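Here is how the chains run, residue by residue.
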Amino acid sequence: MPPVSMPPSEDARTIFRRLGYSVSGDGPEFVAERKWRTVRVTAVADGEDLRSRRALADGGEPSTEYRFRCFVAPKSATGDVRNRLRSVDPTYEWAVIGVDGDGEYDVYLPNAG
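1. Topic: the confidence of the model for the chain
- Summary statistics for the chain give a mean pLDDT of 84 and a share of 80% for residues scoring 70 or more.
- In the model of the chain, helix H2 (residues 78–88) stands out as the element of lowest mean pLDDT, 90, in contrast to strand E1 (residues 22–24), which has the highest, 97.

Written as structure tokens, this is what we have:
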């Protein structure tokens, strides 16, 4: 099994702050708010076993609290995160942000390549 890295929590906070969101919460999950939009953000480590992450599918229950979700992962893990989200077909709108060591990032949407 490959080693698991730390989730890119601080990178995620920095990205959302730069986009004008206020950020609240500690750890790999937090809330980002801007105007009318509230986004639940989850940082995912490279090599993390996504099958055990209930956060991806909200335990199979529809999420009424957060309509928008964003998962932030190292760029090398974004394919795994996107594939897992597509397989569980969550009820919320989602995006995946892939970050690299230089602070650069790419945004992936559900129907994008």
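2. Considering the layout of surface pockets
- By volume, the largest pocket amounts to about 310 Å³.
- In terms of lining residues, the largest pocket is bounded by 18 residues, among which Arg37, Arg69, Cys70, Ala95 and Leu109 are the most central.
- At the level of elements, helix H1 (9–18), strand E3 (37–43), strand E4 (68–74), strand E5 (93–99) and strand E6 (105–108) are the ones that each hand at least two residues to the lining of the largest pocket.
- Tallying contributions element by element places E5 first for the lining of the largest pocket, with four residues.
- Looking at the lining of the largest pocket, its residues break down into 15 nonpolar, no polar and three charged.

3. A word on H2
- Three or more residues of H2 are buried, namely Thr78, Val81, Arg82 and Leu85. For H2, the angular spread of buried residues about the axis comes to 95°, placing them on one side. Of the exposed residues in H2, those oriented more than 90 degrees away from the buried face are Asp80 and Ser87.
- Turning to H2, the residues buried within the fold contact E4, E5 and E6.
- Following H2 by one or two positions, Asp89 adopts a phi angle in the positive range, close to 45°.

4. Overview of unusual backbone geometry
- Although it is not a glycine, Lys35 sits at a positive phi angle of roughly 50°.
- Position of Lys35 relative to the elements: it lies in the loop between strand E2 (29–34) and E3.
- One non-glycine residue, Asp89, adopts positive backbone phi at about 45°.
- Mapped onto the elements of the fold, Asp89 is located in the loop between H2 and E5.

5. Comments concerning the packing of aromatic side chains
- Evaluated as defined, the whole model comprises four aromatic pairs.
- Centroid distance Phe16 to Tyr21: 5.2 Å. Interplanar angle 80°. Geometry classified as edge-to-face.
- Note on Tyr21: relative accessible area 14%, which makes it buried.
- With centroids separated by 6.4 Å and ring planes inclined at 40°, the aromatic side chains of Phe71 and Tyr92 adopt a geometry described as tilted. With a gap of 21 residues between them, Phe71 in strand E4 and Tyr92 in the loop between H2 and E5 connect regions that are remote in the sequence.
- Accessibility expressed as a relative area gives 0% for Phe71, which makes it buried.

Here is what the cut-offs are and how they apply
- Residues numbered from 1 in each chain as written.
- Predicted model: local features only at pLDDT ≥ 70, side-chain atom pairs only at ≥ 80, totals over all residues.
- Heavy atoms only, no water.
- pLDDT = per-residue confidence, 0-100.
- Helix = DSSP H or I, 4+ residues; strand = E, 2+ residues; numbered from the N terminus.
- 1 Å grid on protein atoms, 1.4 Å probe; cavity = no way out; pocket = protein on both sides within 12 Å on 5 of 7 lines; lining within 4 Å.
- Points joined across faces, edges and corners; volume = space filled by probe spheres on them.
- Nonpolar A, V, L, I, M, F, W, Y, C, P; charged D, E, K, R; others polar.
- Buried < 20%, exposed > 50% of the residue type's maximum accessible area, 1.4 Å probe, protein only.
- Arc of directions from axis to C-beta.
- Contact = heavy atoms within 4.5 Å.
- Phe/Tyr/Trp six-rings, centres within 6.5 Å; stacked < 30°, edge-to-face > 60°.

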